[in-house]
Every structure is written in structure tokens, then in C-alpha cells.
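One-letter residues, chain by chain:
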Amino acid sequence: MVKDLTSGNPLKLILMFSLPLVLGNLFQQFYNMADTIIVGKCLGVNALAAVGATGSLNFLIMGFATGTCSGLTIPVAQYFGAKDEHNVRRCVANSFYVVLALAVVLTTVTMLFTRQILELMQTPADIIDGSYSYLIVIFGGMGVTLLYNLLSGILRALGDSKTPLYFLVIASLLNVVLDLVFIQAFHTGVEGAAYATVISQGVAALLCLGYMVWKFPLLRITGKDWAFSWGHIKRMLGIGIPMGLQFSITAVGSIILQSAVNSLGSSAVAAISAGSRVSMLLTQPLETMGITMATYCGQNLGARKLDRIRTGVRQATWVSLAYSVAAFLVSLTAGKQISLLFLDASEVQIINDAHLFLILNGMMYPFWP
């Protein structure tokens, strides 16, 4: 169901819209968490380190893809706010062309250079094969990941933040089952966790597509809507590429950090891997607020309601700062216990290192917004 964010109490609308997004992002993180938990518990510390060593490179590529897809759907929100249904459909149709091209380019580049990048990052010799096996499956499934992010972004642009959540819940549960099947029953190693992730995300994408066709008459695209439009594509790329680069620039710092950690050995990689998973979980509401505000501002910009944009941004900033402090306190008081999700209790030093990482990282949460 579409939702108009151009009228009503801004803070209430922002919070109500963002809540399903937070839950959805948490379930999306659950994809990776399930991989990490099952790999760590079933295959051991080296396998955990192998998956963990892929985090920054995965973030670089998938972060760019996710950010770009989010940006592509902002013009959809703007046209929807302006009640321009024709251009909503034109943007949606042409966004598929952009995502197809992006999938081809990113898949080709990553399949060719992943091994060399892992070597440049000084990935320890005892885990590099596992890291490569995991990433090559994830990057090979780039197309379904892009498709899901695009389709869920389109639904959010029309004010529907709940439906993508429902589909992510289904996909996350499927991911856990497939993790156990591939790793425990088929003995596929770390790449089995990657297969589970790609298949689950593909199911979520197909559910989104089917729902859009079934429930949204506004999105029933006709032959004329499919006509290639450089004007629409240029407008979408003008927002999507900067958003994708914003994610990637952050990831470059993570890659530099990961390279330094890799030089310390697989135990340090395992500690940072566990800490990073917890940190990503805690920061999801902050990232979600950014996605929420993109839709909120897009609709209100289309409706020319600039005062509502200023009010909403101010209120969202205060909410984000308050949450940042709370998230840091969780890292400080419970970080060690949460890290036990990924690590055996006997790995005392690794658990202590993961907790230290969480404390230092959590100190920066108030600056995250």
C-alpha cells in the first residue's frame, strides 16, 4: 500500500516509516550473521576468519550497489510526491536498464579481480582460499542482490516500508535453513553459506516483483513506459552514483583497516569479524534513518514542501543522536556477551579483543548521523 509522506506530523511519519525499515535491515544483517554464526560454530575459527576477512571488500562492492539502487528510486519518490504517475512508471522501467548494466559490470570486474584484491589486502595464507570461495559466489549472485535492492527501494519510494520487511523475514528464515543444509548436510564449507545467501536474496527479489505486479496498478508498466529515456536515466544516475560512492568511500577506509588487521593473523581477523557483525547490527537504525529521510525528503521535494523537509531533518537528527548514545552503552556493557554468538567461550583472548573493538567503535556512534 502506498503512503503519502507529504502531510501529517513529520516525526511520527518518519518513525512509523522507519520502523519496518529497521526491522528489515536487521533481518538483512541476519543473512550475514547467520552465515557467521553457523560457520563459526560448525567450521571453526579459521572458517570464521575466512568469511570475516571478506567483510570490507564485500561492503565496498555491495555498499556501492545498495547505495546506487537507493539513489535510483529517489526520483520515483519525487514524482510520486508530485502525483506524476506517468513519470513514476518511466523511472521504474528505466531503472531496470541501469541495474542490468550495473550487474554486468560489477559481476565481471569482481569475478576477474577478487583474488588479486584479497592478496593485496594481505589476507592470511591459511584463510585466503576460503575467503575467495565465499566472495566468488556472493559476487556471482550480484544480479539478484541488485534486483532485490531496486524493487524494495521502489516499494519504499511509494511509502510501503512494510512489505519488503515481510519478504526479508521469509528470506532470512530460508537462509538459516539453507546454511545448515549446505554446511552440515552437503559439507560445502564456507561457500555453502554464500550459496544460501544468494538463493535467499533471490527469493526475496521474486516475492517483491510478484507483489508489485499484483498489488500496484500504478506500477503496471505498458509498452510506451519501457521506452529508453536518457533523461530519466541521467536523473537517476545523478542521485544514485553519488549515493553509491558515499558507501564506497566509507568502505575504502574499511579495506585499509582490514589490510592492517590481516597482517596480525587469523585470530585478530576472527576478533574483528565478530565485533564488526555486532557493530553492523547496532548501527542499522542509523543507516535506516538515512534511507527513510531520502524517501521523506524526495516526496516532500516533489510536493514543494521545503519547510516540512527542514523540520523532518532536524527531528531525525535528534532521534539519531539519542540512539547513538544508547547503542554505545550496549557495546560497553553487553558487547562481550553478544560476541559469544559467533565465538566459542573458550576463545577468551579473541572475545576480549572483539569487545575492545566494540567499545572503541561505539564511541564514534554519535558522529555516525
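See the structure printed just above.
For the structure given in this document, a descriptive report is provided here. Along every chain, residues carry numbers that run from 1 in the direction the sequence is written. Under the rules for a predicted model, residues below a pLDDT of 70 receive no local features and side-chain atom pairs below 80 are neither given nor counted, while totals for whole chains, interfaces and linings still include all residues. Based on all heavy atoms of the structure, the side-chain values leave hydrogens and waters out of the count.

### Brief notes about the overall build of the chain
No. 1: Scanning the chain from N- to C-terminus turns up 14 helices and zero strands.
No. 2: Strands are runs of DSSP state E lasting at least two residues, helices are runs of H or I lasting at least four, and both sets are numbered from the N terminus onward. For the chain, the succession of helices and strands along the chain, N to C, is α-α-α-α-α-α-α-α-α-α-α-α-α-α.
No. 3: Taking 2.2 N^0.38 as the reference for a compact globule, 369 residues should give roughly 21 Å; the C-alpha atoms of the chain span a radius of gyration of 20 Å, in line with that estimate.
No. 4: For the C-alpha atoms alone, the extent of the chain along its principal axes is close to 60 × 40 × 35 Å.
No. 5: Going through the 369 residues of the chain one by one, you find that 53% of them count as buried.
No. 6: With residues, only the protein chains shown are counted as cover, and all accessible areas are computed by Shrake-Rupley using a 1.4 Å probe. By element, 70% of the accessible surface of the chain is carried by carbon and sulfur atoms, the whole surface being about 15,700 Å².
No. 7: Charge assignment in this entry is limited to Lys and Arg as positive and Asp and Glu as negative, and neither His nor the chain termini are counted. By convention, the charge on Lys lies at NZ, on Arg at CZ, on Asp at CG and on Glu at CD. Here the chain contributes 21 positive and 16 negative side-chain charges, whose respective centroids are spaced 17 Å apart. Throughout, the radius of gyration refers to the C-alpha atoms, and the reference size of a globule is 2.2 Å times the residue count to the power 0.38. Whether a residue is buried, partly exposed or exposed follows from its accessible area with a 1.4 Å probe, protein chains only, as a fraction of its type maximum: under 20%, in between, or over 50%, in that order.

### Observations concerning the nonpolar core
No. 1: Put simply, a nonpolar core is a bunch of buried Ala, Val, Leu, Ile, Met, Phe, Trp, Tyr and Cys residues held in one set by side-chain atoms that sit within 4.5 Å of each other. Judged by nonpolar contacts, the single largest core of 62 residues is most densely connected at Leu-57, Val-88, Phe-139, Leu-146, Leu-158 and Leu-219.
No. 2: In this structure, Ala-274, Leu-282, Leu-343 and Phe-357 belong to the second largest nonpolar core, which totals 23 residues.

### Focus: the packing of helix 3 (residues 55-72) against helix 5 (residues 85-120)
No. 1: Lines fitted to the C-alpha atoms define the axes, with helices restricted to the stretch that makes contact. Angles between their N-to-C directions range from 0 to 180 degrees. Packing of helix 3 against helix 5 brings their axes to within 11 Å, and their N-to-C directions diverge by 170°. Between helix 3 and helix 5, the interaxial angle falls into the category roughly antiparallel. Contact with helix 3, carried on its side by Leu-57, Ile-61, Phe-64, Ala-65, Thr-68, Cys-69 and Leu-72, involves Val-98, Val-99, Leu-102, Leu-106, Thr-110, Thr-114, Ile-117 and Leu-118 of helix 5 and no other residues of that element.
No. 2: Residue composition of the contact of helix 3 with helix 5, grouped by class: 12 nonpolar, three polar and no charged. Any angle from 65 to 115 degrees is called roughly perpendicular, while one under 35 is roughly parallel, one over 145 is roughly antiparallel, and all others are oblique. By the convention used here, residues are in contact when the closest approach between their heavy atoms is within 4.5 Å. Amino acids are sorted into nonpolar (Ala, Val, Leu, Ile, Met, Phe, Trp, Tyr, Cys and Pro), charged (Asp, Glu, Lys and Arg) and polar (every other residue, Gly among them).

### What about the packing of helix 6 (residues 128-140) against helix 9 (residues 190-215)?
For any two helices packed against each other, the geometry comes down to the angle between their axes and how far apart the axes lie.
No. 1: Relative orientation of the contacting elements helix 6 and helix 9 amounts to 15°, with a least axis distance of 8 Å. Here helix 9 runs roughly parallel to helix 6, going by the angle between their axes. The chirality of how helix 6 crosses helix 9 is right-handed. From helix 6, Gly-130, Ser-133, Tyr-134, Val-137 and Ile-138 reach across to helix 9, where they touch Val-190, Glu-191, Ala-193, Ala-194, Tyr-195, Thr-197 and Val-198.
No. 2: Taken together, the residues of the contact of helix 6 with helix 9 sort by class into eight nonpolar, three polar and one charged. Left-handed describes a crossing whose near helix is turned anticlockwise from the far helix by less than a right angle; the clockwise case is right-handed.

### Points about the environment of Ala-193
No. 1: Relative to the elements of secondary structure, Ala-193 occurs in helix 9.
No. 2: For Ala-193, a relative accessible area of 0% puts it in the buried group.
No. 3: C-alpha of Ala-193 to C-alpha of Thr-163: the two residues are 30 residues apart in sequence and 25 Å apart in space.

### Things to note about the packing of aromatic side chains
No. 1: A pair of Phe, Tyr and Trp rings is counted when the ring centres sit within 6.5 Å of each other, with Trp represented by its six-membered ring. The angle between the planes then sorts it: under 30 degrees is stacked, over 60 is edge-to-face, the rest tilted. Under the counting rule described, the total for this entry stands at seven aromatic pairs.
No. 2: A centroid spacing of 5.9 Å and a plane angle of 40° characterise the contact between Phe-182 and Tyr-195, whose relative ring orientation is tilted. In this pair, Phe-182 sits in helix 8 (residues 163-185) while Tyr-195 sits in helix 9, placing the two residues 13 residues apart along the sequence.
No. 3: By relative accessible area, which is 14% here, Phe-182 ends up buried.
No. 4: Looking at Tyr-195, the relative accessible area reads 39%, which means it is partly exposed.
No. 5: By definition here, charges over rings are those cases where NZ of Lys or CZ of Arg is within 6 Å of the ring centre and within 35 degrees of the ring normal. The positively charged end of Lys-215 is found above the aromatic ring belonging to Trp-214, 4.6 Å away from the centroid.

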